[in-house]
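# Structural overview
Here is how the chains run, residue by residue.
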Amino acid sequence: MTVAVVILLDGVLYAAVLFLVAAGLTLVYGVMRILNIAHGSLYALGAYAGTSLVLVYLKTGGPAPLMYLALLAGAVVAGAIAGPLVERLLLRPIYGREEVVQLLVTYSLFLILEDVMKLLWGVDPYYVAKPYAFLGTVTIAGVRYAWYQLLLIAVALATGVLVSLAIRGTRLGRMIVAVTADREISATLGINVGRVYTLAFTAGAILAGLGGALVAPLISVAPGISVEAIVLAFAVVVIGGLGSLEGAALGALIVGITRAAAVQLFPEIELATVYLIMVAVLLFRPRGLFGEWETRRI
Amino acid sequence: MRGGKALPLVAAAVFGAAPLVLPGWVTFLLTLAVAKSVMVLAIALLLRGGLVSFGHGMFFAAGAYTVGMAMKWGGMREAVVLTFLGVLAAAAAAALLGLLIARYRGIFFAMLNMAISMVVYAVLLKLYWVTGGTDGIGIRTPTILGVMPERESLRLVMYYFTLVMTLPAFYAVHRFWTSPLGFALRAVRDNEVRVEYMGTSVARVIYAAYVLSGALGGLAGILTGFSVGHIVPDLAYWTTSGEFVFVAVLGGPASIPGPLVGSIAFEFLKSYAYKYAAFTWQMTLGVTMLAIILFMPGGLWTIYEGLARQGRQWRLSWKRTG
Amino acid sequence: MQTASFRTSAKCLLALLALAGVVGGAMGLAGPPWAEAQAKPAELKIGIVSFLSGPATVFGVPSKNAAEWLIEKYNREGGIGGVKIRPVYADEAGGAEKQVAEFRRLVLDEKVDLVIGYISSADCLAVAPVAEELRKLTVLFDCGTNRIFEDSKYKYVFRTKAHQVLDSVAAAKYVLSVKPNVKTIAGINQDYAWGRDSWESFRRAMLKLKPDVQVVAELWPKLLAGEYSAEISRLLVAKPDVIHSSFWNGDIIGLVKQGAPRGLFSQSLVVLTAGEHMLQDVGKDMPEGVVIGARGDHWFLHNANDPLHKEFVDGYRARYGRYPIYPSYHMYQAVAGVKAAYEKAMKAAGGAWPSLDQAIKAFEGIEYRVPPGRTMTIRGDHNGIEPAIMGLTKHDPKYPFAILDRMMVFPAAEVNPPLGVKSNDWIDSWKK
């Protein structure tokens, strides 16, 4: 019984992390049909910016709870700067080009950002543990958990709900839906497609940054974290269906719970769980659990 | 037309003489570049059908690991036999996976390849008592047709071996490209449904291209394994596959020599980036790539084609005036 | 029209770049790479390879620092028999294939006299045969795999440190001395060769020394996973007496960060066999009473008054603002080993500069002094043996991070297999 509860809880905890990493990727694909390989770099950028800001803030000796604000602010600023810059300079010239070209442009961006971050932050790991330990712990089913982990579940939920509400309930959101459905007709209806793209990509970059900043207190922020993040995000999004936010949430839950079960019951296969689920889903539903089938154009 | 016929001969002369004048480490880079150009050729083949694979590293690994295992567990040393075995294994893997993958296009084709290659990567890591895990497998110097190369001439022999093994690959692609299947593949890229209306099975065309590309990928992995002397699971990691796509676009996928040119340019670009920008070599590669995509959509090979066109015009005008 | 001309010029530029690569290569034409130079050379050029990018930079940069510091010191003191050392640094990131190409470039293009390097075991295994092919003295300074000299024989390759078995065996012995009544053990190790080998040696040694010990969990997270919530829960549920981990880099920091608040380190005796390198990173967040290994006896407070050790620690700290960590010590052992071998060979040759074969002959079986003020021995199998230390973390107001308490030193003979015996056979041969 205890084991079942622990598996479920650990699974949801990990799913929250995965969802935060993947949400931005699926949003950008949904609107722009661009699979952003540099998404992991934006995630790392958020982790670095958030961690640095917390470290600076902790040095000033201000009230500790405000460090969470510093963490989030760092990520938002990083995303809000990098997002429009990348969209205007790199993506705009290639919207009409083939998929492979778009993939390669974001791949080049990934290579460039890896070194940009090295130049900005150096190679020593950035370490901040306080946001994780500060909130204390709670015992569930005889196992101690950090409140911060539970907070992550809440944040992931809130992010998911807010983003889908924003898309369904606001004017901008409806414009995004219109552009997603048909770019040319939206343009004739007077929607500024370019602006919608900039906004959507920036939103994706901010979400990626938030994911990085929120995971940063658990890990050591150092070169190499982007490569790991992008593979996980890809897997989750592919399982859920490219472009679907609900799909990303479901994909994250499936991967999270399966991995937690593997750790408890059969740790030998832990490393391969994500990939095995991905292949299994793709075999039966190649467009992912929530993916749409495109009509063939003649 | 004259340029078209002379080109392979000139290329053969240049590549045949290259190691006799180049210093040892450059010959090694050239060996690597020629070996990997076969993989780039495979990627380019698919690209011309409008398909991009972010997982062909798995065939690269399939070829290399077949050779590694046959050496480690089977005690085999003969390069020609090992190469044959490896290509066969990679082709078999592609034939099996192709049944599934050839049904997809666009981003799904790319992702499915990547997903499966990541599973291959995980398997190579996990079965570490068989594959050596991340430590990898050492590929010992093979015998070539029963002769063990001397240490002093080893690099030269490996270079020519690689070169000779590469020829049938380029020839096979050339033949495929000028066959009805090749024309159908080009048509698939433009409009798949029309191809079907003409009575050609698109699935069959893509399947054939996929199996050929898998076999070529395996060959590239084997040749790379022989020249490096050590293989690791990273061969199947998605960044390895990404690099091949990168090189295909760099060289220009629309021609047969493009992949070779791209592969050579890339190996040297990398080597000089390591040497002169040890701290920012990734950025150097990224910026080069962006420059090519934005300013030279046809890849490096278009430079030659542009020059050749100008040359022809110049010859024509010279003939007219003379 | 303007764009067209811009495109043409961009094309030309790129074409020139590509050509420059090939031509530049051709211009590096030179004579045979291995000419025997018996006359004293102007300088000894050493290629030094360690991670300057990627996750293993936490080892690469401290070892590069040590090389820099020590080479400058030697050069101030007159170099090796009057010959100054000139280092050429290279990045180890990029995988085995890149390292093989880079090794060739260092030897054939940069014309280094020898190479010191390699932290990753895969890189060591890949480069060693190339060193043989090119007949270039190569000193492996940090990689831990026992496969390299147990599975093959090399003439030109040495390793100036002990292999992985040392940490695992010392850890098992130390655990039994601080917690003799241990009943259950668990392991959490990265799922790749280093993690697998380390756990295998530790488990074997524990079961041999105390056969009634039970293994209750073996966890294999992915290298660089970073997030260990589920693993920590599993360990909290299993409640083993002892947890073994050979984690390193960001992963070990992640485990400490996530495990400490959840009580992992107070519930079980946790053994971190490579833990020494992160103590300064984690600072006061490090829990007390955790077993820390140092991949040898590399600890800045061990034998702190020895003049050789003190000079190193003080000099390193003054220059880089941190205390040296074990990769720094490993680099010291490599550079000092080269110097010792060349000097020994010169002595044997009556003061003349040694040939490569003479230097290699001198290297075999050499003994020389290294921090923390002890003798380093390179045995006939080209592999070094070292003593090991283990200790428990404890906070001391004098340092902003945890230091080692109840430290035990295990002499080299106790934690290294005898010459010619494979590691696992050696452990299996122990008498109860």
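Above this text you will find the structure in question.
Described in the following lines is the structure provided in the data block. Here, residues in each chain are numbered from 1, in the same order as that chain's written sequence. Each chain gets a letter, beginning with A, and each ligand a number, beginning with 1, in the order they are written. Predicted model: local features are reported for residues with pLDDT of at least 70 only, side-chain atom pairs are reported and counted for 80 or more only, and whole-chain, interface and lining totals are derived from all residues. In computing side-chain values, all of the structure's heavy atoms are included and hydrogens and water are not.

### Concerning the overall build of chain C
- Helix and strand counts for chain C come out as 16 helices and 15 strands.
- Computation of the radius of gyration draws on C-alpha atoms alone. For the globule rule, the value is 2.2 Å times the number of residues to the power 0.38. Taken over C-alpha atoms, the radius of gyration comes to 23 Å for chain C, in line with the 22 Å a tight globule of 432 residues would show.
- Over its C-alpha atoms, taken along the principal directions, chain C stretches across nearly 75 × 70 × 45 Å.
- Residues count as neighbours in contact if any of their non-hydrogen atoms are within 4.5 Å of one another. Considering only residue pairs separated by 6 or more positions, chain C has 70% of its internal contacts joining residues 24 or more positions apart.
- Of the accessible surface of chain C, which amounts to about 14,800 Å², a share of 55% is contributed by carbon and sulfur atoms. For the purposes of this entry, the term helix denotes a DSSP run of H or I that reaches at least four residues, the term strand denotes a run of E that reaches at least two, and both are numbered from the N terminus. The protein chains shown are the only cover counted for residues, whose accessible areas, like all others here, come from Shrake-Rupley with a 1.4 Å probe.

### Brief notes about the interface of chain A and chain B
- The interface is formed by 47 residues belonging to chain A together with 45 residues belonging to chain B.
- By convention, the term buried area covers the 1.4 Å-probe accessible surface removed from two parts as they join, with the contributions of both added. Summed over both sides, the interface of chain A with chain B buries roughly 4,200 Å², with 77% coming from carbon and sulfur.
- N or O atoms within 3.5 Å of each other form a polar contact, as long as, within protein, one can give a hydrogen and the other can take it, and as long as residues adjacent in sequence are counted only when both atoms are side-chain atoms. Where chain A touches chain B, the interface holds five residue pairs in polar contact (both at pLDDT 80 or more).
- Contributing elements (two or more residues each) for the side of chain A that touches chain B: helix H4 (99–121), helix H10 (225–240) and helix H12 (273–284) of chain A.
- For the side of chain A that touches chain B, the element with the most residues is H4(A), which contributes 16 residues.
- A class-by-class count of the residues in the side of chain A that touches chain B yields 35 nonpolar, one polar and eleven charged. Throughout, the ten residues Ala, Val, Leu, Ile, Met, Phe, Trp, Tyr, Cys and Pro are labelled nonpolar, Asp, Glu, Lys and Arg are labelled charged, and all others, Gly among them, are labelled polar.

### Let's talk about the interface of chain A and chain C
- Counting from both sides, the interface comprises 35 residues of chain A and, opposite them, 36 residues of chain C.
- Interface area for chain A against chain C, summed over the two sides, is near 3,100 Å², with a carbon-plus-sulfur share of 57%.
- Among the residues chain A hides against chain C, the three largest losses belong to Tyr127(A), Arg144(A) and Leu271(A). Together they make up 19% of the total.
- Salt bridges are identified by distance alone: a Lys or Arg side-chain nitrogen within 4 Å of an Asp or Glu carboxyl oxygen. Across the contact surface, chain A and chain C share four salt bridges.
- For Glu227(C), the salt bridge goes to Arg259(A), with nearest N and O atoms at 3.0 Å.
- Our count for the chain A to chain C interface comes out at 18 residue pairs in polar contact (both at pLDDT 80 or more).
- Element by element, the count of residues in the side of chain A that touches chain C is highest for helix H1 (residues 2–32) of chain A, at five residues.
- Grouping the constituent residues of the side of chain A that touches chain C by class yields 24 nonpolar, four polar and seven charged.

### Focus on the pattern of salt bridges
Residues and elements named next belong to chain C.
- This model, assessed by the stated rule, comprises 45 salt bridges over all chains.
- In this structure, lysine 422 and aspartate 151 form a salt bridge, with 3.6 Å as the shortest nitrogen-oxygen distance. In this pair, lysine 422 sits in the loop between helix H15 (412–415) and helix H16 (423–428) while aspartate 151 sits in helix H5 (residues 147–151), placing the two residues 271 residues apart along the sequence.
- Buried residues are those whose accessible area, probed at 1.4 Å on protein chains only, stays under 20% of the maximum for their type, while exposed residues exceed 50% and partly exposed ones sit between those limits. The partly exposed category is assigned to lysine 422, whose relative accessible area is 38%.
- The closest approach of N and O atoms between aspartate 167 and arginine 295, which form a salt bridge, is 3.2 Å. Of this pair, aspartate 167 sits in helix H6 (residues 165–178) while arginine 295 is found in the loop between strand E10 (291–293) and helix H12 (307–320), placing the two residues 128 residues apart along the sequence. A single burial state applies to aspartate 167 and to arginine 295, both of which are buried.

### Looking at the state of the cysteines
Residues and elements named next belong to chain C.
- Here, a disulfide means two cysteine sulfur atoms that sit within 2.5 Å of each other. For the structure shown, the criterion picks out one disulfide over all chains.
- Covalently, cysteine 124 is tied to cysteine 143 through a disulfide, its sulfur atoms 2.1 Å apart. Every disulfide takes its handedness from the sign of the S-S torsion; for cysteine 124 and cysteine 143 that torsion is -100°, giving left-handed. With cysteine 124 in helix H4 (residues 121–134) and cysteine 143 in the loop between strand E4 (138–140) and H5, this pair connects stretches of sequence that are 19 residues apart.
- For cysteine 143, a relative accessible area of 0% translates into the label buried.

From the geometry alone we can't say anything about function, so treat these as descriptive.
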